[in-house]
Amino acid sequence: EAQVTQNPRYLITVTGKKLTVTCSQNMNHEYMSWYRQDPGLGLRQIYYSMNVEVTDKGDVPEGYKVSRKEKRNFPLILESPSPNQTSLYFCASSLSNYPSSSYNSPLHFGNGTRLTVT
Amino acid sequence: EDKVVQSPLSLVVHEGDTVTLNCSYEVTNFRSLLWYKQEKKAPTFLFMLTSSGIEKKSGRLSSILDKKELFSILNITATQTGDSAIYLCAVRSGNMLTFGGGTRLMVKP
């Protein structure tokens, strides 16, 4: 089944303890992206990648790192999490390296990771 | 800075009602506008709009784009309880996708 898989689904951690949220897609998609969703703020883009070894900052990249060493994986790394990073995180991918450039290239989302930093 | 604003923030209707959700935008290099439905998990794709005045339709849902006035509407006719969700609008500008804050729709039986 074609899908975007994130792990873990839920994570509770403490301030300063490094963590990684994994994201993998099995659709051979070029474009991958991370979003965080907070009440009233919608989805805000953290980082995106248009191709292997190519990553760019989105709207809210501070406190996050990413890597794209393989086409299928795009992990999100929080080196020193803080309580303001408590949020619902979504990974997404798109066939084209320009997301939504055509009707057959919308974003496909993972099921989300709910992160709580205490 | 690109901006996408959705209204209303939330809406409560009864089954059978018709609803109209709004999305306005200010972006530097418009490419497309998308609508997503988000229930409990991941947003799922509904429509992509690139041209003004051409209605996209899928069952009871339809959407249209006005590139002159910089907005789009999503209509849902004969609403059902299964339409209860957050509806997200997103605009592609260059190679970035900017989302609005969403409209939370609740359909009561």
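Notes on the structure in this doc start here. (Residues numbered from 1 in each chain as written. Chains lettered and ligands numbered in written order. Predicted model: local features only at pLDDT ≥ 70, side-chain atom pairs only at ≥ 80, totals over all residues. Heavy atoms only, no water.)

1. Focus: the overall build of chain B
Inclusion rule: Numbering of helices and strands runs from the N terminus; a helix is a DSSP stretch of H or I covering at least four residues, while a strand is a stretch of E covering at least two. Only C-alpha atoms enter the radius of gyration; for comparison, a globular chain is expected to reach 2.2 Å times N to the power 0.38, where N is the number of residues. Throughout, exposure labels follow a simple rule: accessible area from a 1.4 Å probe, protein chains only, divided by the maximum for the residue type, with under 20% read as buried, over 50% as exposed, and the rest as partly exposed. We call two residues in contact when some of their heavy atoms are within 4.5 Å. Where accessible areas are quoted, they stem from the Shrake-Rupley method and a 1.4 Å probe; at the residue level, only the protein chains shown are allowed to cover.
If you tally the helices and strands in chain B, you get 0 helices and 11 strands. When the helices and strands of chain B are read in sequence order from the N terminus, they spell out β-β-β-β-β-β-β-β-β-β-β. Computed over its C-alpha atoms, the radius of gyration of chain B comes to 13 Å, within 12% of the 13 Å expected for a compact globule of 109 residues. Among the 109 residues that make up chain B, the fraction classed as buried is 48%. Across chain B, the fraction of contacts at a sequence separation of at least 24, relative to all contacts at a separation of at least 6, is 53%. A total accessible area of about 5,300 Å² is found for chain B, and carbon and sulfur atoms account for 50% of it.

2. Some thoughts on the packing of aromatic side chains
Any two aromatic rings considered together are summarised by their centre-to-centre distance and by the angle between their planes. Here is the rule we go by: Each Phe, Tyr or Trp ring (for Trp, its six-membered ring) is paired with any other whose centre lies within 6.5 Å, and the angle between the two planes then decides the class: stacked below 30 degrees, edge-to-face above 60, tilted in between.
Under the definition given, this model contains 10 aromatic pairs over all chains. Seen in terms of ring centroids, Tyr31(A) and Tyr48(A) are 5.8 Å apart; in terms of plane orientation they differ by 25°. Their pairing is stacked. With Tyr31(A) in strand β4 (residues 31-38) and Tyr48(A) in strand β5 (residues 42-51), this pair connects stretches of sequence that are 17 residues apart. The pair formed by Tyr31(A) and Tyr48(A) is uniform in burial state, with each residue classed as buried. Relative to Phe30(B), the ring of Tyr25(B) has its centre 5.0 Å away and its plane inclined at 20°; by these criteria the two rings are stacked. These aromatic residues form a ring-pair network of at least three members: Tyr35(A), Phe90(A), Phe109(A), Tyr36(B), Phe45(B) and Phe99(B).

3. Brief notes about the interface of chain A and chain B
Applicable threshold: What gets called buried area is simply the loss in accessible area from a 1.4 Å probe that two parts show on being joined, summed for both. Here, a salt bridge means any Lys or Arg side-chain nitrogen found within 4 Å of an Asp or Glu carboxyl oxygen. Amino acids are sorted into nonpolar (Ala, Val, Leu, Ile, Met, Phe, Trp, Tyr, Cys and Pro), charged (Asp, Glu, Lys and Arg) and polar (every other residue, Gly among them).
Contacts between chain A and chain B engage 25 residues on the former and 20 residues on the latter. Summed over both partners, the interface of chain A with chain B comes to about 1,900 Å²; 60% of that surface belongs to carbon and sulfur atoms. Here chain A and chain B share 0 salt bridges between them. Counting only elements with at least two residues in the side of chain A that touches chain B, the list comes to β4 and β5 of chain A. It is β5(A) that provides the largest number of residues to the side of chain A that touches chain B, a total of 5 residues. Grouping the amino acids of the side of chain A that touches chain B by side-chain chemistry returns 13 nonpolar, 10 polar and 2 charged.

4. Brief notes about the nonpolar core
As a reminder, the rule being used: We call a set of buried Ala, Val, Leu, Ile, Met, Phe, Trp, Tyr and Cys residues a nonpolar core when their side-chain atoms join them within 4.5 Å.
The biggest cluster of nonpolar side chains holds 23 residues, and the ones touching the most others in it are Tyr25(B), Leu33(B), Trp35(B) and Tyr87(B). Among residues more than four places away in sequence, those in contact with Tyr25(B) are Lys3(B), Val4(B), Phe30(B), Leu33(B), Leu65(B), Asp66(B), Lys67(B), Leu70(B), Phe71(B) and Val91(B). Tyr48(A), Leu107(A), Leu34(B) and Phe99(B) belong to the second-largest nonpolar core, a separate cluster that totals 20 residues.

Remember that the coordinates give geometry; whether it matters functionally is a separate question.
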